[in-house]
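Residue strings, one per chain:
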Amino acid sequence: MKKILLASALAFSPFAAFAMPVVGDVVGTNPDDAKAAIAAKGCAVSEFEAEDGKVEAICKDEDGKTFEVVIDPKSGVVTEIKAGD
């Protein structure tokens, strides 16, 4: 039984590496760094918007779902993630 659980964990571990960004992740303070960090988490950035003193990165995950990743421009920390339309 332990071997089956270990094999399952190892088989699915590559998918865990491409999880979406989460609140608290540091993605950087400039667009190039943020875009690369968000893409490394599995969400391809198509545009950035400055809004209300924050930066919103619009991205799509591997399933084609759109998200807004809200970033604090001073610290580069993800403060919110919103599902898009």
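Procedures and definitions
Residues numbered from 1 in each chain as written. Predicted model: local features only at pLDDT ≥ 70, side-chain atom pairs only at ≥ 80, totals over all residues. Heavy atoms only, no water. Pairing = 2+ DSSP bridges. Helix = DSSP H or I, 4+ residues; strand = E, 2+ residues; numbered from the N terminus. Axes fitted to C-alpha atoms, helices over the stretch in contact; angles between N-to-C directions. Contact = heavy atoms within 4.5 Å. Buried < 20%, exposed > 50% of the residue type's maximum accessible area, 1.4 Å probe, protein only. Polar contact = N/O pair within 3.5 Å; in protein donor to acceptor, adjacent residues only side chain to side chain.

### Regarding the sheet that holds strand E4 (residues 78-83)
Whenever strands of a sheet pair, they do so through backbone hydrogen bonds, lying parallel or antiparallel. The 4 strands lie next to each other as E1-E2-E3-E4, forming an open sheet whose pairing is antiparallel. At either end of the open sheet lies a strand with only one pairing partner, and these are strand E1 (43-51) and E4. Ignoring strand direction, the axes of neighbouring strands in this sheet form an average angle of 25°. In this structure, strand E3 (residues 66-71) lies alongside E4, joined through 5 bridges in antiparallel fashion. Across the sheet, residue valine 69 finds its bridge partner in E4, namely isoleucine 81. Sitting on the sheet, helix H2 (residues 31-40) touches E1, strand E2 (54-61) and E3, and the angle it makes with E1 is about 140°.

### A look at the side chain of aspartate 25
Structurally, the position occupied by aspartate 25 is in the loop between helix H1 (2-16) and H2. Looking at aspartate 25, the relative accessible area reads 17%, which means it is buried. A polar contact of 3.0 Å, which involves the side chain of aspartate 25, links it to the backbone nitrogen of valine 22.

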